Structure formats: structure tokens, C-alpha cells
There are 2 protein chains.
Amino acid sequence: MSTTPLNATHDANARSWLESANAPGADFPIQNLPFSVFRRQGSPEAFRGGVAIGDQVICLGAVAASGALPGLAGEAVQAAAQSTLNGFMALGPKAWSALRHALFGALKAGASGAAADAVKAALIPLQDIEHTVPTRIGDYTDFYTSIHHARNVGRIARPDDPLTPNFQWIPIAYHGRASSIGVGSGSQSQPFRRPMGQAMAPGAAAPVYGPCARLDYELELAIWIGQGNAQGTPIPLAQAEDHIFGYGLLNDWSARDIQFWEMAPLGPFLGKNFCTTISPWIVTQEALAPYRLPFTRPADEPQPLVYLDDAGNRAQGALSIELEVLIESAALREKGLAPARVSHTNFRHQYWTVAQMVAQHAMGGCNLQSGDLFGSGTISGPTPEQAGAIIELTKGGREPITLAGSGEQRAFLHDGDAVILRGWCEKPGFARIGFGESRGQVLPAIG
Amino acid sequence: MSTTPLNATHDANARSWLESANAPGADFPIQNLPFSVFRRQGSPEAFRGGVAIGDQVICLGAVAASGALPGLAGEAVQAAAQSTLNGFMALGPKAWSALRHALFGALKAGASGAAADAVKAALIPLQDIEHTVPTRIGDYTDFYTSIHHARNVGRIARPDDPLTPNFQWIPIAYHGRASSIGVGSGSQSQPFRRPMGQAMAPGAAAPVYGPCARLDYELELAIWIGQGNAQGTPIPLAQAEDHIFGYGLLNDWSARDIQFWEMAPLGPFLGKNFCTTISPWIVTQEALAPYRLPFTRPADEPQPLVYLDDAGNRAQGALSIELEVLIESAALREKGLAPARVSHTNFRHQYWTVAQMVAQHAMGGCNLQSGDLFGSGTISGPTPEQAGAIIELTKGGREPITLAGSGEQRAFLHDGDAVILRGWCEKPGFARIGFGESRGQVLPAIG
């Protein structure tokens, strides 16, 4: 496994001439520099790549046009300035790093010269922009890699057999729907209609057609594939990380009644494909280097097969990312109250690493492509309140939760509810890195 | 449901000035006119749209450049001349029909004028061309709509519960992998490596990693979506057929040992995503009008819910398409012997219609897009020898089949085996319409 070294861009003391980037608790300090695709809100102009710093976005189109970045960074910014990031992602880790480092240099306190001038001239306030999906997603794959989630949901769907026998051997995944993935964040919440579907009530003789009655969210990370592989050519675990561009947040909205009726034997379909909401910003693999952790398995559990095990993955395959889920009901919104936090967990509890997911996906020869998206699978921690889906928090809807602030109860989501995912990394001696948020809102059912 | 009328293009007596189109048993008579994307074999030129007639392809790029087609047909041929058919498919049924009718008029015996001249000048022999995937496939969905296949495979995977309770209520489907879909036909066979994977032997304590030991094919139809729908806006059954552009052949290669170990609870993944082989030609919905059949359900079986049932679907929702599977082993190939036919069935035995598949897919608000691909699911008829996968023919590998010509036995596929799918429609009083073939070949395992 290639390791991402700690370098100048991880110096917690580094500050930017842009003061908003230095504010304590800011999501986008100079150590982060996440990518997205954006344009001015409501404008007919073309979408293009941007990098967040403080409360601003650097328009990479403007930086590219300035010609101020030399060499590989200059080549990279041309690619990153396009309407999708696929071409930039295809350039590989050296080009990604070159551009990030060049922007870091141009943004740091005291920077001067053509690059700093170009970046300064390219700033647009975040509050003035809107986003779109940052790549042309060739394929979207959703994993299932939290053993706590698998056990929590397994107990509801299959009480006698909560954990399938393959879970501890395979980073399980299934193919998802790319067309219905959208961006939602802040004022640009992604609205979607509660899906219609078929469901079979317990003990009923026939299914019924109607609006989903058990609408849920799933807290996941979005994992963006940077470089692909040729069909028939697997990606060894040791090289897997070179194929990962970065991370965002992903809400895998789930219609549980539809899903549980349809999913035997071929898996979830209409229960998932009506909408998936991602956050706009992609935090790079490189920016997350300080938050790597060893990956270990309890000695009494199956150890990964050889193709899913190596020293690099054991040394630093895991990632510490704090994650939380908030629900903003219509009542909370109308009263001007804060969204209610319903869970808080960390990605480090996941049973499989992202490198293992990549190696597994390509093992049989399946070709990944630049800009492909993985969902990590629902992220649930070991304690009940760390669960990443409402079906887990409410034990299948039997024990409703109460929203702080309004006192409302929720067994599943109501029309008007917005669900907000947030993520960040922090530890002593290093800069806090934020993911921004994913935000989507339930509209009344179709028809 | 909109009905596709029988018109001049279905006149069995219509003949072309191109004699190869009039040969008895030809796949591509003037009544067919299927679409593909092609270029001259081995040339660096751009791929562009083409229409097959007899032993020739009409280069739509040349026809478009001639300006000889007026009105809607002229607009359509500009779109169909591109390197993918997505734009053409998005124009809708009137445009598809206008172009097909214009080409019919230019090709029929005795035709003269600018259009006939342009078509004549645009012919390239089929033996000189190569194909690529005809659309930029946004999403690929694989259905599971043969009750005979579901029972045959169900008996192997779940002897106590062969047919899941949802099968007779839902046209079951799951999302598949778009990136590994390729075209294979005739001399342009699609080769792929036998996948590596994890499998759990019966009674074993741990899975093993190795080459797939139970490699299979699946006989399916490719269904090409012409027009999409907006997210959150279902497609009513009565309008579903307007969204179907046409049909081809699809081989859903399956690694049964990998698939059966991985698929609980989220469905097939690596067992399917290493390769899918489609035929190059898309036979239009319009060309198949004479081969429509009533769709009926035995009275003692569940009748479709209202949203999957209407008079149009009952009157002509089914399609009669003859289908066969052939295996060409290395020994047969070396001896110059014909491929061995291993099954022959008909699409009319399918439990759900294609219109029902479209309506089901969009019911919850999932947005289909022009150029999306559906697999019909394995097509197995009611008798054992009509099964569309080798795992069914050999009862899970326990009763090998014998290849005619070489006498070789097959429980599952061997390295070097090519699998050929063929399809056609014929009935008295109407022209025979052929689909050409899908052809892929198994290479030895990776590494």
C-alpha cells in the first residue's frame, strides 16, 4: 500500500491570508482544500471545478485561464476546471497532489506572486454558488461494511440469522442506481418525493401498492474512484489506495417496506433507487493522511484472506472520521430551532477498509472507471445510539425516537423532514478538516 | 398502451434492390432495419450509427452528410449518425419511425431519387466493420422474469423454497454493472478472462480464493430504453412502450460459485460484473409489431396489481422471439465443426412483459435515461431442454450435457468455449426478422 505522507499541507500551524479559513471549527481550512463542481446560483453559466477555502470557492476555470500554475499543477488545473472532474481524476495521485500543493502555496499567509494573485482573483463566496454531481458517474456501487449495521438490520429482517455467513469474509456490495444521485447541501437541499411501491404486510395474502410507509436514511461515506483499471486486470490491495481520489458524505435513502418485500433473492432495487443524496465537496485522500488508523480484527474472528490483507492495510487502512445525523422536521424549521441530532459515530468502526473494498471490487476483473462512486455502506458504531439508520435506532419502528427541541416522535421519516449528514476529522496537533454536509428533504408521495 | 401498427414496412412482399436482403432466412431483410454503432474494422475513424440491410450496413454518417432525407427523418438521421445512439433515442418514437420508414422507402425495389442514391452510396459490407456498445449506458438493470428459470435455479440454491414469494407479484430486478458490457458477434467475439473470486465449498469452514469453477452463461434479451422520465415521475403502464427503443441479445455471464457465496443478502455482484456480452444490432420495437402476442396469466395464479395491468398489455404485451444457445468448444473450432446447440426457447414464456418491467422500474420515481439498458433476465421455457443457463441444463452441474459433434461433456463452461446466442422472429405471412448473434469466449483465469 502506498502511504500518504504527512507534509507541509498537514502543518496545523499553517494559516491562510483568507481569514475565514483560519476560523476555529471551519470546515475548509488551508489543510483541507476539497474539490467540487459548481456555478453561480441560478446562473446559466457552465459548471466547472472549484476548491473550497474558508467561506469561498476558488474557481478553477479562472485559475486555469490565468496560466499562473506551472508544470503538472498547471496541467491538473486545466483538467479540474471542466464541467466534470472525471478527466482530472484520471490523471492520478501525482497530478492531484501537485494541484493541491500549488493551491496551498498560493493560499498560505504571506504568499505573493502570479499564483497567489490568480487565486485571489478567482474567489467566489460559497453562499453565492450551487453545485452539481462532480463527476459523470459511470457506475455506483454500494457496500455493506459495518458489522454493527448488519447485525442491527439483520435482527429485524432475519431474526434467526442476523449476520449472513459471508459478512466476515467479503466486503459485501451491490450495484446501485447512478441516475438518481443528486447533490444536496445547505440552502441547496435535495428534495425528493416519497416513493410509491409494493409492500407485503406481515401475514397478508397479497401485497399492496401505495406510498412508502417506512422511509429511512442511511449514513454513508461517498468514496470517489480516481483511476480505473482495465477489464480483466484486478487491483492488488497494495495498489488500491492509488485509485481512491477522495471522500464525501452519502445518504442512501431507503424505503424499508418496499426493500424488504423485493430484495429476496437479488437484493435491493426500488427500495433504494428513487434518490441518493451526496455532499458537494470531495475531501482528498491526501488531506486525510493524519487521520489514518491501524486496521485490526479481533483474534477470535476470521482474518481476511491473503488478497485482502497486507502490512500497509494493517498499519493504516482505517480512517477516523466523526459523523453525525440530524433531522430537521417541518416544526423545527418553522420555529427556527436547530435540527435534532439523532446519532453520532465514527468511520473507524467499519469492518472493512476502503482499500479492501477497491481490491474486492476489481478482483474478478470488473473495470472501475475514473469518477465512479462507492457508498461505504451504512456506518453504525458498536452502541445502539451510534446507529446510522432510523430503522436501527427505533428497533424496526417499534421504539420511536424523540427529536430534541420539538419533542416530536419518529418511528420512520415524515413528509417535510430534512436529513442532514455531517462529517469532520480532528485530533490534537492537527488541523480540523470538515466535509460540509449532505442535506435532502422528503416531499409528499407521487400522485 | 400505444400500439405499433402494422404498416408498409411489415409487408412480407416488400423486396429491396439489394439482393442479399431478399435471401430466404436473411437476418436483415428490408422489414427489419436494426441500428448499431460501427466503424471499418481496425480503422482509427470515429464510430457512428448504422442500419443493417442484407449483408451491408448503411453508414448513417454518409446519409446525414448527403442531406437527402427531408423533415423529421433528416433530423433523426443527424442524431443517429453520432458515436452513440443516445441522442437519437431521446428524440422519441415519431423520429425513430420517420427514419426507419425513410430508409425503407429508399431501399425498396425500384426506389430512385436522392434518398435511394444516398443510401446506395453509403453501403459498407458487414464483413468489413466492427461494432462498439451502441449507447453511453447510464445504468444497466437486469431483470428476473422467467418463472421457469427462477424455479430451476431456486431448486439448486434454495431447495426448500425455490420460488421466492414476491416472484409472482413483482418483475424482480437488480442493478448491474455498465462498465464491463461489451459487444461480441461473429468474428468480433468478446473474449474475457475467467474471473477470480471467493467461494465457499459445502461443509467447508472457510472460503477459498481462486478461479471460478462454475462458469455459466445466461440467455437474455437486451432491452434499450429510448426515452427517459424525470426523477419523481413514474411511467404509467399505458405509456411504457413509448419508452422502449428496441431489442438485442444479452449474455449475462455468471460465476455461480462466487455468486451463490456472495449474494445473501444484497444480491449478485462479482458473480456477474466481470463481463456482459451484447449483440451489436438493436431491432426496433416497431419492426417487431407482427410478433406481439396476448399476455395472460393462468386463473389460479396471482393477477398483476392494477398498476401492472391494462387492456393493452393483456392484448399484445408479450413478444414471440425464437432464441437459441450454442457452445463452440476449442475442439469443435479446431475441427471446423459447427457450434453445438444446447437449448432453444421463446421469449413468449416470460412471466412479465417488457412494458411491465419499464413501469415497475419507474414506479417509485427512479429516472430512466435514453440509452439505458435492461436485461430481460434469463429466458428459460417450460421444458428442461429450454433452459437458458447451463446450471439449469445440468441440474447444478450434476448431470453434464454432451456437445453434438465432438461428444465432449460440459457441467459448466471450459476455457476456450465460445457461447453464441441467436434470435429471430418468423410466422406465416410475415417476413422473418433476425437479431444476429451475441458471441463471447472464455479465456483462462487472470494471473
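Position numbers for residues start from 1 in each chain and track the written sequence from start to end. Following the order in which they are written, the chains are lettered starting with A and the ligands numbered starting with 1. Whole-chain, interface and lining totals are the exception, using all residues; otherwise, since this is a predicted model, local features are given only for residues with pLDDT of at least 70 and side-chain atom pairs are given and counted only at 80 or more. Side-chain metrics rest on all non-hydrogen atoms present in the structure, leaving aside hydrogens and water.

S.K.: Even after reading the chapter, I still don't get helix α6 (residues 147–157) of chain A, so can you show me in this structure?
M.R.: Each turn of an α-helix holds 3.6 residues, which means side chains three or four residues apart point in the same direction. Exposure is judged per residue with a 1.4 Å probe applied to protein chains only, and the accessible area is read against the type maximum: over 50% gives exposed, under 20% gives buried, and values in between give partly exposed. The way it works is that DSSP assigns letters per residue, a run of H or I at least four long becomes a helix, a run of E at least two long becomes a strand, and they are numbered from the N terminus. What α6 of chain A keeps buried is the set Ile147, His148, His149, Ala150, Asn152, Val153 and Gly154 of chain A. In what follows, residue pairs with any heavy atoms lying within 4.5 Å of each other are defined as contacts. The inward-facing, buried residues of α6 of chain A abut β6 (140–144), α7 (256–262) and α11 (390–393) of chain A.

S.K.: I keep staring at the domain arrangement of chain A and nothing clicks. Help me out?
M.R.: Interface extent is often summarised as the accessible area lost during association of the parts. All names here are of chain A. These domain boundaries are the output of an automatic or database domain assignment. Split into domains, chain A comes out as domain 1 (8–132) and domain 2 (140–443). It is His10, Met89 and His131 that lose the most area in domain 1 upon contact with domain 2, and together they represent 26% of the buried surface on that side. The working definition used for a salt bridge is a side-chain nitrogen of Lys or Arg within 4 Å of a carboxyl oxygen of Asp or Glu. Applying the counting rule to domain 1 against domain 2 returns two salt bridges. A salt bridge links Arg432 to Asp27, with the nearest nitrogen and oxygen atoms 3.0 Å apart. We define a polar contact as two N or O atoms separated by no more than 3.5 Å, with the added condition that, inside protein, one atom must be a possible hydrogen donor and the other a possible acceptor, whereas residues neighbouring each other in sequence contribute only through side-chain atom pairs. Scanning the region where domain 1 abuts domain 2 turns up 14 residue pairs in polar contact (both at pLDDT 80 or more). Listed by contribution, the elements that provide at least two residues to the side of domain 1 that touches domain 2 are β1 (35–40), β2 (48–53), α3 (86–90), α4 (93–107) and β5 (129–132). Residue composition of the side of domain 1 that touches domain 2, grouped by class: 19 nonpolar, 13 polar and three charged. Simply put, the buried area is the total loss of 1.4 Å probe accessible area from both parts when two parts are fitted together. Each residue gets one of three labels, nonpolar for Ala, Val, Leu, Ile, Met, Phe, Trp, Tyr, Cys and Pro, charged for Asp, Glu, Lys and Arg, and polar for the others, Gly among them.

S.K.: Would you explain a positive patch on the surface in this entry?
M.R.: Residues and elements named next belong to chain A. A grouping of Arg151, Arg155, Lys395 and Arg398 is seen on the molecular surface, where their side chains present a positively charged patch. Here Arg155 is to be found in helix α6. We classify Arg155 as partly exposed; its relative accessible area is 47%. Within this analysis, patches are made of residues with over 30% relative accessible area and no salt bridge. Like charges are joined at 9 Å or less; nonpolar side chains (Val, Leu, Ile, Met, Phe, Trp, Tyr) at 5 Å or less. Throughout, the Shrake-Rupley method with a 1.4 Å probe supplies accessible areas, and for residues the shown protein chains are the sole cover considered. For the purpose of counting charges, residues Lys and Arg are taken to be positive, whereas Asp and Glu are taken to be negative. His and the chain ends are not included. Every charge is mapped to an atom, namely NZ of Lys, CZ of Arg, CG of Asp or CD of Glu.

S.K.: Help me understand the packing of helix α2 (residues 71–80) of chain B against helix α4 (residues 93–107) of chain B, please; the structure alone is not making it clear to me.
M.R.: The packing of two helices is summarised by the inter-axis angle and the distance between the axes. All names here are of chain B. Axes here refer to lines fitted to C-alpha atoms; in helices the fit is confined to the stretch in contact. Angles between the N-to-C directions go from 0 to 180 degrees. Put simply, α2 and α4 touch, their axes get as near as 8 Å, and they point 100° apart. By the angle class used here, α2 and α4 are roughly perpendicular. In this structure, α2 uses Leu72, Ala73, Ala76, Val77 and Ala80 to contact α4, whose residues at the interface are Lys94, Ala95, Ala98, Leu99 and Ala102. Of the residues in the contact of α2 with α4, the class split is nine nonpolar, no polar and one charged. Orientation labels follow simple angle bins: below 35 degrees gives roughly parallel, above 145 gives roughly antiparallel, 65 to 115 gives roughly perpendicular, and whatever is left gives oblique.

S.K.: Can you help me understand the UniProt feature "binding site: substrate" (unreviewed entry) in chain A in this one?
M.R.: Residue and element names in this part refer to chain A. UniProt positions are given in the numbering used here, feature names are shortened, and annotations may be inferred rather than shown by experiment. The UniProt entry lists Tyr144, Arg158, Gln259 and Thr378 under the feature "binding site: substrate" (unreviewed entry), expressed in the numbering used here. Of the annotated residues named above, the ones that line the largest pocket are Arg158. Among the structural elements, Gln259 can be located in helix α7. A relative accessible area of 4% places Gln259 in the buried class. Beyond its immediate chain neighbours, meaning those up to four positions away, Gln259 contacts Ser254, Pro268, Gly271 and Lys272. A distance of 3.1 Å separates the side chain of Gln259 from the side chain of Arg256, its partner in a polar contact. Mapped onto the secondary structure, Thr378 falls in the loop between β22 (373–375) and α11. Judged by its relative accessible area of 2%, Thr378 falls in the buried class. Non-local contacts of Thr378, meaning those with residues more than four positions away in its chain, are made with Ser146, His149, Glu218, Leu219, Glu220, Gln350, Gly388, Ala389 and Glu392. At a separation of 3.0 Å, a polar atom in the side chain of Thr378 contacts the side chain of Glu218. The pocket and cavity definitions rest on a 1 Å grid over protein atoms only: a 1.4 Å probe that fits but cannot leave marks a cavity, an open set with protein on both sides within 12 Å along at least five of seven lines marks a pocket, and residues lining either have an atom within 4 Å of a point.

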